[in-house]
Structure formats: structure tokens, C-alpha cells
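# Chain and residue survey
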Amino acid sequence: MNKKEPFFHIVKRDALPWYQSVGIRAVAIALALVLCGVLTTITTGIDPIEVYKSIFAGAFGTERKTWITLQNLSILLLIALALTPAFKMKFWNIGGEGQVLIGGLAAGACMICLGDKLPNGVLILVMVLASIAAGAFWGFVPAFFKAKWNTNETLSTLMMNYIATQLVAFYTIVWEVPKGSGKIGIINQNSNAGWLPQIFGSKYLLSIVVAVVVTLLMYIYLNYSKHGYEISVVGESENTAKYVGIKVEKVIVRTMLLSGAVCGLTGLLLVGGINHTITTTIAGGQGFTGVLVSWMSKFNPLTMVFSSFLIIFMDRGAGEISTAFGLNHSYADILTGIILFFIIGCEFFISYRLQFRKKAEKEVQ
């Protein structure tokens, strides 16, 4: 008895031209917006066009909102860039949150303990070195155990997040101002010691410039350097990497040092350049959001700019929806979730196609 052929097969596509990939993603976003509009009308009775206008106003309604949106974009982008080398190597670094926190804690410690002891220029240099070193160390620990004893890096990097959070919580009590408040408050508010310099008089521009520079450097590093080539080979197959003479353990440790260092630099920007304080929530969960950005962008630093923008744009617009229409933040999260679902789902149609039975039979004939 002949076995009946299924109605369709899922077939892997050849690489699509870039304009077709962009077209599929554009259609996915358009369909997501239509669905969001229909749900908005059904559930709230509000004109969806007005909702979309308020989202845009929340992100770009004023000059200050525009700068804050770009600043938030730069922080998320930096974290995604930091995680990307490890992910491309198939090292599942879920510890971006902790690496940012520990970098911020190092910067805060320098500001509090050395703020009145060193000239400001020297203090900032010490903060930069301390934050990068702290973040790199936080990446080194799980990488060392992975390289030495093949431990589970997902679990170890995740646990390092909790250690970093508790360290920040501990020192928040040690350094709290005033005593009993449970908060450190603005560090060196009177002297501004350790506050990172403003570029062209703008307090928002430094993190944006750093993000642009790191994006370009990371793109070059991953695509045109020997280290980037070794990361790709290790990610494809450790056995192949060993066969061609690549020291896999060395690549793992080196790559995680880089990931942790960039996260530590991000912590420095948050503490020394943006918030001027340290709290357990200073990273705002972006260490985990950065994972999504990196994967959505298929580890391409340039594409991450657009993925980060989409997430920050929706997040910034959420507050405006709450203010303008009295809807809580969860409603904006629902809209964001729908749009992200469509964007992630459309990757299936970029990588695969459906081959129906009749078409398959014709191709055989």
C-alpha cells in the first residue's frame, strides 16, 4: 500500500536577496499594525490611528523625548552588541544584566570612595578601567568553568546575575544617603566628581556616540578580523575548529572577556553619564532584552540598530498611551508583543518555504 504524500513540505530556502527579506519583514510589520488596530477598536473603542500617533509622540513628541529615545536606544544596542560575540560562538551568555550591574557598581564605588581624593580626569579614567575590568571578570568566571570543565554556561551566567544584584543591594545599604532611606541618591551631586563629560553641552550625546563607535568596531571585529573568524568557526563546530588548529578554550575565554567588558562599559555610562547613582534596577531588564535584539538581528551589529529602535520606540510610546487614553502600560506591552511576534515569525518565511504536493509532482515530471 502506497503511503500518501503530505499535502505540503517545509523546504529550506536558498539565501533570499536582501530586498525580498526586507519586503517580507515590512509585510509582517504592516499585518501586525493592522491586527493591533483591529484589537484596539474592538477592546477599547479608541481610534487606532490616534493610538499610533500617541506612540510616535511618546518617542519623538518633543526634543527632550527624542534625545531620551536615542539614549535608551544606545544603551540597549550596546548590551545587544556585547552579547553577540558569545552568541555567535554558541556560548549562551544570559548574564548581560549582571555584567552591566557589576560594571555600574565598580563605577559607583570609584565615585563614592575616590571622588574627593583624585582629580576628576584621573577619577574618570579609573572609573573606565574599573568598570571594564569588573564586567570582563564577570564574563570570565563562567567562561573559565565552561572552557575548563564544560559547565552549563546558561545556568552559570544566569546565576552571576543574582550575585551581582545582591552585591549592588548590599552596597546600596552601605552607602545609602540619608541613612535608613535604602537609596544611595545622586552621587557627588555638589562636586560632580566622576560625572562623565558632556559632548557639545548635551547630556544625552555621549552614550549615543559610544554606541555608534562600538557598533562599527564590533561589525569590523566579527566580519573582518581573525578573532571574528575564529568565533564563527567555533560556533559552527568545535570539532572543526580544533581540527584546523583553533584553541577553542582560548576563544571562549577571550570572547567572554570582550562581552563582559562592553557590558561593564555600558554600566559605566548608566552610572557615570546618565543616572549618577547605582540601584539594582539600573539596567532595567535590558540585559535580557538585548538577547532578543541580538537574535532578531541574526548577530548582525548593523541590523541591531533597527531592532533596538523598534523595541525602544514601542516602549517609549507605551507611557504616552497611558497618559493620553487612560490605558495602563500592559496594553502597550500587548501591542509590542504582537508586533514582535510577527517580526520573529516572519523569519520562518525568510528561511523556509512551503512546497505543496501538486507543485512537487510537477517538478518531478
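Anyway, here's the lowdown on the structure attached to this text. All figures in this text were calculated on a predicted structure; none of them were measured in a lab.

### Regarding the overall build of the chain
- In terms of helices and strands, the chain carries 14 helices and two strands.
- When its C-alpha atoms are laid out on the principal axes, the chain stretches across 85 × 60 × 35 Å.
- A buried classification covers 45% of the 365 residues belonging to the chain.
- For the chain, restricting intrachain contacts to residue pairs at least 6 apart in sequence, the fraction spanning at least 24 positions comes to 77%.

### Side note on helix H7 (residues 205-224)
- With 20 residues, H7 ought to run about 28 Å at 1.5 Å a step, and its terminal C-alpha atoms sit 28 Å apart, in line with that.
- Taken together, the buried positions of H7 are occupied by Leu-205, Leu-206, Ser-207, Ile-208, Val-210, Ala-211, Val-214, Thr-215, Met-218, Tyr-221 and Leu-222.
- On its buried face, H7 sits against helix H3 (63-88), helix H8 (226-236), helix H10 (248-275) and helix H12 (301-325).

### Structural notes on the environment of Leu-155
- Of note, Leu-155 is situated in helix H6 (residues 153-174).
- We classify Leu-155 as exposed; its relative accessible area is 52%.
- Each C-alpha atom of the pair Leu-155 and Gly-96 lies 13 Å from the other, and the pair is 59 residues apart in sequence.

### Observations concerning the state of the cysteines
- Overall, the coordinates contain zero disulfides when judged by the stated rule.
- Cys-110 takes part in no disulfide bond, and the closest cysteine sulfur, belonging to Cys-113, lies 7.8 Å away.
- Take Cys-110: its relative accessible area is 9%, and that puts it in the buried class.

### Quick word on H8
- Buried residues of H8: Gly-228, Glu-230, Ile-231, Val-233, Val-234 and Gly-235, and no others.
- In this structure, the buried residues of H8 make contact with H3, H7, helix H9 (238-243) and H10.

### A closer look at the side chain of Glu-230
- Relative to the assigned elements, Glu-230 resides in helix H8.
- Residue Glu-230 is classed as buried on the basis of its relative accessible area of 11%.

### Comments concerning the side chain of Ser-21
- Relative to the elements of secondary structure, Ser-21 occurs in helix H1 (residues 18-44).
- A relative accessible area of 10% means that Ser-21 is categorised as buried.
- Ser-21 has contacts with Leu-16 and Ile-350, leaving out every residue within four places of it along the chain.

### Concerning the packing of aromatic side chains
- All chains considered together, the criterion is met by 21 aromatic pairs.
- A network of ring pairs unites the aromatic residues Phe-56, Phe-60, Phe-309 and Phe-313 as a single cluster.
- Taking NZ or CZ as reference, Lys-12 lies 5.1 Å from the ring centre of Tyr-352, over its face.

### Notes on the packing of helix H4 (residues 96-114) against H6
- Where H4 meets H6, the closest approach of the two axes is 8 Å, and the angle between their N-to-C directions is 30°. Classified by the angle between their axes, H4 and H6 sit roughly parallel to one another. In this structure, H4 meets H6 at a crossing whose hand is left-handed. Of the residues in H6, those in contact with Gly-96, Glu-97, Gly-98, Leu-101, Ile-102 and Leu-105 of H4 are Asn-161, Ala-164, Thr-165, Leu-167, Val-168 and Tyr-171.
- Residue composition of the contact of H4 with H6, grouped by class: seven nonpolar, four polar and one charged.

### Remarks on a nonpolar patch on the surface
- A cluster of nonpolar residues, Phe-7, Phe-8, Ile-10, Tyr-352, Leu-354 and Phe-356, forms a patch on the protein surface that exposes about 560 Å² of accessible area.
- When residues of the nonpolar patch are assigned to their parent elements, the largest contribution, three residues, is made by strand E2 (residues 352-356).
- Inspection of the secondary structure puts Leu-354 in strand E2.
- Leu-354 gets classed as partly exposed once you look at its relative accessible area, which sits at 35%.

### Here we look at the packing of H7 against H12
- Two numbers describe how H7 lies on H12: the axes approach to 8 Å, and their chain directions differ by 140°. As far as their axial angle goes, H12 and H7 are oblique. Counting all contacts with H7, which are made through Thr-215, Met-218, Tyr-219 and Leu-222, the residues of H12 involved are Pro-301, Leu-302 and Val-305.
- Here the residues of the contact of H7 with H12 are counted per class, giving six nonpolar, one polar and no charged.

### Overview of unusual backbone geometry
- Val-177 connects to Pro-178 through a cis peptide bond whose omega is -10°.
- If you trace the backbone, Pro-178 turns up in the loop between H6 and H7.
- The phi dihedral of Lys-90 is positive, around 65°, even though this residue is not glycine.
- On the secondary structure map, Lys-90 appears in the loop between H3 and H4.
- In the Ramachandran plot, Lys-298 falls in the positive-phi region, its phi being about 55° despite a non-glycine side chain.
- Within the fold, Lys-298 resides in the loop between helix H11 (286-296) and H12.
- By relative accessible area, Lys-298 is classed as partly exposed at 45%.

Scoring rules and cut-offs
Residues numbered from 1 in each chain as written. Predicted model: local features only at pLDDT ≥ 70, side-chain atom pairs only at ≥ 80, totals over all residues. Heavy atoms only, no water. Helix = DSSP H or I, 4+ residues; strand = E, 2+ residues; numbered from the N terminus. Buried < 20%, exposed > 50% of the residue type's maximum accessible area, 1.4 Å probe, protein only. Contact = heavy atoms within 4.5 Å. Expected span 1.5 Å × (residues − 1). Disulfide = S-S within 2.5 Å. Phe/Tyr/Trp six-rings, centres within 6.5 Å; stacked < 30°, edge-to-face > 60°. Lys NZ or Arg CZ within 6 Å of the ring centre and 35° of its normal. Axes fitted to C-alpha atoms, helices over the stretch in contact; angles between N-to-C directions. Parallel < 35°, antiparallel > 145°, perpendicular 65-115°, else oblique. Left-handed = near helix turned anticlockwise from the far one by under 90°. Nonpolar A, V, L, I, M, F, W, Y, C, P; charged D, E, K, R; others polar. Patch = residues over 30% accessible without salt bridge, like charges linked within 9 Å, V, L, I, M, F, W, Y side chains within 5 Å. Areas by Shrake-Rupley, 256 points an atom, 1.4 Å probe, with all protein chains shown as cover. Salt bridge = Lys/Arg side-chain N within 4 Å of Asp/Glu carboxyl O.

These values are about where atoms sit, not about what they do.
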